[in-house]
Amino acid sequence: MALLDILHYPDPRLYNKAKAVERIDEKLRTLIDDMFETMYAAPGIGLAAVQVNLPLRVITIDVSEERSDPLCLVNPEILARRGTVELEEGCLSVPGVYEMVPRSEWIRVKALNREGDAFEVEANDLLAVCIQHEMDHLEGKLFVDYLSQLKRQRIRKKATKLNKQATL
Ligand code: GNR
Ligand code: NI
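Residues numbered from 1 in each chain as written. Chains lettered and ligands numbered in written order. Predicted model: local features only at pLDDT ≥ 70, side-chain atom pairs only at ≥ 80, totals over all residues. Heavy atoms only, no water.

So, the coordination of the nickel ion (ligand 2)
Rules: For Na, K and Ca the donor cut-off is 3.2 Å, and for all other metals it is 2.8 Å, counting N, O and S atoms only; because water is absent from this set, sites may look incomplete. Segments assigned H or I by DSSP are reported as helices when at least four residues long, segments assigned E as strands when at least two residues long, and all are numbered from the N terminus. Each residue gets one of three labels from its accessible area relative to the maximum for its type: buried under 20%, exposed over 50%, partly exposed in between, using a 1.4 Å probe on protein chains only.
Within the protein, the nickel ion (ligand 2) binds to Cys91 (SG), His133 (NE2) and His137 (NE2); these donor distances fall in the range 2.1 to 2.3 Å. Donor residues for the nickel ion (ligand 2), ordered by position in the chain, follow C-x41-H-x3-H. Note that Cys91 is positioned in strand β4 (residues 85–91) and His133 in helix α2 (residues 125–138), a separation of 42 residues in sequence. A relative accessible area of 10% places Cys91 in the buried class. Residue His133 is classed as buried on the basis of its relative accessible area of 9%.

Okay, here's the thing in structure tokens:
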């Protein structure tokens, strides 16, 4: 197991579109395990492979209080969505920023699991929001992209400064 480095906004690699996984083998399962470890350590409720510099359609999630309900989605697709919900979102790639983002309140998603078997999951509220947040990462989209340009400019400025400090 290994902790992976998380890319920070405005790193251009966060804007790459992730590629579909073609084969679920031991190498991919190791990546999934490392993503869970990295997500739990952060701590975060979700992580997309794009955030650890692997542009693949792989997501790990655990929205449970006890951190005991791991969910891995490979090549996820949203089959149906209903309603709207707005929660305050954060992102491990945009530390310290929390903003409201409108999302679908209920979704039905199809994906492959860690074993490579197809399954479907229905989600609402926080889990639905988290899945949509992670699926945006696969499209190279961040939650700050939903904000006004003025807000995003402020966030970008602050983030660039923080990133510079971190590399000194
Ligand atoms: O840890 C996270 N919390 C969170 C809170 C509200 C909505 C979405 C999220 S996902 C985020 C982890 C992350 O950056 N995943 O990409
Ligand atoms: Ni995120």
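Let's talk about the pairing of strand β3 (residues 71–82)
As a reminder of what qualifies: Strands pair, by our definition, only if DSSP identifies at least two bridges between them.
Here strand β2 (residues 58–61) pairs with β3 via four bridges, running antiparallel. Paired with Val58 across the two strands is Val74, which belongs to β3. In the sheet, β3 pairs with strand β6 (residues 106–112) via six bridges, with the strands oriented antiparallel. Residue Ile78 lies in a different strand from β6, and its bridge partner there is Val109.

Focus on the confidence of the model for the protein chain
Selection rule: As a per-residue quantity, pLDDT reports the predictor's confidence and falls between 0 and 100.
Summarising the model, the protein chain shows a mean pLDDT of 97, and 100% of its residues fall at 70 or more. Here helix α3 (residues 149–167) is the element of the protein chain with the lowest mean pLDDT, 94, and strand β1 (residues 46–48) is the one with the highest, 99.

Thoughts on the site of ligand 1
To keep things clear, this is the line we draw: By convention in these notes, a residue is near a molecule or strand provided one of its non-hydrogen atoms lies within 4 Å of it. Counted as a polar contact is a pair of N or O atoms within 3.5 Å, where, for protein atoms, one must be capable of donating a hydrogen and the other of accepting one, and residues adjacent in sequence contribute only when both atoms are in side chains. The Shrake-Rupley method, run with a 1.4 Å probe sphere, supplies the accessible areas, and residue values consider only the shown protein chains as cover. Note that Gly is not counted as nonpolar here; it falls among the polar residues with everything else outside the nonpolar set of Ala, Val, Leu, Ile, Met, Phe, Trp, Tyr, Cys and Pro and the charged set of Asp, Glu, Lys and Arg.
Around ligand 1, the structure places 13 residues, and the nearest of them are Ile45, Gln51, Leu92, Glu134 and His137. Within the backbone of Ile45, one N or O atom sits 3.0 Å away from an oxygen atom of ligand 1. The contact in question runs from a nitrogen atom of ligand 1 to an N or O atom on the backbone of Gly46, over 3.1 Å. Considered on its own, ligand 1 offers 390 Å² of accessible surface; in the complex 90% of this is hidden by protein. Residue assignment for the shell around ligand 1 shows that the elements contributing at least two residues are β4 and α2. Class assignment of the residues belonging to the shell around ligand 1 gives a composition of four nonpolar, six polar and three charged.

With respect to the nonpolar core
The nonpolar side chains of soluble globular proteins are, as a tendency, buried together. Condition: Definition of nonpolar core: a set of buried residues of the types Ala, Val, Leu, Ile, Met, Phe, Trp, Tyr and Cys, connected through side-chain atoms within 4.5 Å. Should any heavy atoms of two residues lie within 4.5 Å, those residues are counted as being in contact.
Within the largest apolar cluster, 17 residues are counted, with the highest numbers of intra-cluster contacts made by Ile59, Ile61, Leu73, Ile107, Ile131 and Leu138. For this core, the elements supplying multiple residues, two or more each, are β2, β3, β6, β7 (118–124) and α2. If one sorts the elements of this core by residue count, α2 sits on top with five residues. With sequence-adjacent residues up to four places away left out, Ile107 is seen in contact with Ile78, Ala80, Arg81, Val121, Glu122, Ala123, Ala128, Ile131 and Gln132. In terms of nonpolar packing, the next biggest core, distinct from the first, is built from 14 residues, Leu28, Ile32, Val58 and Cys72 among them.

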